[in-house]
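Tertiary structure, described
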Amino acid sequence: MEQHGGASSGGRSGGPSTGPPSGPSTGPPSGPSTGPPSGLSGGNELGDFLRARRASLDPRRAGVPDDGRLRRVPGLRREELAQLAHVSIDYVVRLEQGRTRRVSRPVLDALADALELAPDERAYLFAVADVTQAAPARQPAGAGAPPGGRVGRPLLQLLDGMRDIPAMVLNRRMDVLAWNKAATALLTDFGALPPAERNLIRLTFLDDAFRALYADWPRAARECVAVLRMEAGRHPEDQALAALVGELRVREPDFRNWWGSHLVRGPRQLTKTYHHPVAGPLTLDVQQLSVDTQPDQRLVAYTAPPDSPSQEALRFLLQWSARSAAGAN
């Protein structure tokens, strides 16, 4: 069996984390307070999200005629959103100020249509609203996850069998629960990190060597924030997620700014380009597969297009990593 929480062999050039020292993700560090993380229990996430999406929408694209008045705010005015959604201005004001929490599904659909929300954004809107009609109940924090985030034996065996494909198992907080040798070679030596630091979003923002792997770090980092905010809306009582968000808001200005933009996205197939210190440039497809037996977990695999330079570079990297591991033994 290969790496799933213990020591590992091989790894990325440069060794373990070289970023600033970081504490466990179970609580924010001491430092300046930035308030409760919006999107988790205790915040006005519905109102904040409506304001952010309203501000981002071009009135001309939404079909709002120019009335000649000076626009003091970007995007749609409240009265324009109310008109497009066929609700009262007062109702929009109360929603945005958090004075109305329970919203009917038809009104949410109308608001989503007026704001031209993408499917992930629409799902998020319903997740953070207190819907007055029957809707699937939210899972309590930790539901679907085995104690301690353990990964089942069949999935571990699948990881070990994927010798030429970097792969790992993540939970909703992007904690790395299990990984194979190829993932160690591509990304980092997860086994050399304390368990509390095995989190992709923490590494993306707080580890200099991990951050340098990305050819387009800002794009990759924003994607991480958008996925994390989606999960925060679905699981507002997840205290470990709240602690992770709180820590990153205190320690990382880019995370704090992007978190405030209220961009949301669910897991999907992506293409990422890395500048690896051993293999050079690698453009890989990132497949994210749900685990039927554990809804809180997903298998993430990195593959290169057949007969591409990236496939050759990945093959070289894995061979180099195996030789390095053999030489260390």
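Before any of the text, the structure's been laid out above.
Residues numbered from 1 in each chain as written. Predicted model: local features only at pLDDT ≥ 70, side-chain atom pairs only at ≥ 80, totals over all residues. Heavy atoms only, no water.

Concerning the packing of aromatic side chains
The relative placement of two aromatic rings is captured by the distance of their centres and the angle of their planes. Enumeration according to the criterion identifies 10 aromatic pairs in this entry. Centre to centre, the rings of phenylalanine 210 and tyrosine 214 are 6.0 Å apart; their planes meet at 70°, and the pair counts as edge-to-face. The buried category is assigned to phenylalanine 210, whose relative accessible area is 1%. An aromatic cluster is present here, built from Phe205, Trp217, Phe255, Trp258 and Trp259 joined pairwise through their rings. Cation over ring: arginine 211 sits above tryptophan 217, and NZ or CZ is 3.5 Å from the ring centre. It is arginine 229 that lies over the ring of tryptophan 259; its NZ or CZ is 4.1 Å from the centre. (Phe/Tyr/Trp six-rings, centres within 6.5 Å; stacked < 30°, edge-to-face > 60°. Buried < 20%, exposed > 50% of the residue type's maximum accessible area, 1.4 Å probe, protein only. Lys NZ or Arg CZ within 6 Å of the ring centre and 35° of its normal.)

Focus: the pattern of salt bridges
Where charged atoms from two side chains of opposite charge approach closely, those side chains can pair. Under the definition given, this model contains 20 salt bridges. In this structure, the salt-bridge partner of arginine 173 is aspartate 175, at a minimum N-O distance of 3.2 Å. The buried category is assigned to aspartate 175, whose relative accessible area is 15%. As a salt-bridge pair, aspartate 238 and arginine 173 come within 2.8 Å of each other at their nearest N and O atoms. Of this pair, aspartate 238 sits in the loop between α10 (217-234) and α11 (239-251) while arginine 173 sits in the loop between β3 (167-171) and β4 (176-179), placing them 65 residues apart in sequence. Comparing aspartate 238 with arginine 173, the two get one shared label, buried. Look at the salt bridges and you will find they share partners, linking Arg172, Arg173, Asp175, Asp238 and Asp296 into a network. (Salt bridge = Lys/Arg side-chain N within 4 Å of Asp/Glu carboxyl O. Helix = DSSP H or I, 4+ residues; strand = E, 2+ residues; numbered from the N terminus.)

What about the nonpolar core?
One recurring pattern in soluble globular proteins is that nonpolar side chains are buried together. Ranked by internal contacts, the top residues of the largest apolar core, which has 48 residues, are Met168, Leu187, Phe190, Ile201, Phe205, Phe255 and Tyr302. It is α10 that contributes the most residues to this core, 8 residues altogether. With sequence-adjacent residues up to four places away left out, phenylalanine 255 is seen in contact with Ile201, Phe205, Val225, Leu228, Val245, Leu248 and Arg249. (Core = buried A, V, L, I, M, F, W, Y, C linked by side-chain atoms within 4.5 Å. Contact = heavy atoms within 4.5 Å.)

Quick look at unusual backbone geometry
The phi dihedral of histidine 86 is positive, around 60°, even though this residue is not glycine. Note that histidine 86 resides in the loop between α2 (78-85) and α3 (89-96). Owing to a relative accessible area of 72%, histidine 86 belongs among the exposed residues under this scheme. Although it is not a glycine, aspartate 307 adopts a positive phi angle of roughly 60°. Counting through the fold element by element, aspartate 307 comes out in the loop between β7 (297-303) and α13 (309-328).

Side note on the pairing of β7
Within β7, 6 of the 7 residues are buried, which leaves it mostly tucked inside the rest of the structure. Here 5 bridges tie β3 to β7, and the two strands are oriented antiparallel to one another. In the sheet register, methionine 168 faces β7, and the bridge partner there is valine 300. The hairpin turn running from strand β6 (residues 280-290) into β7, its antiparallel successor, is 6 residues long. (Pairing = 2+ DSSP bridges.)

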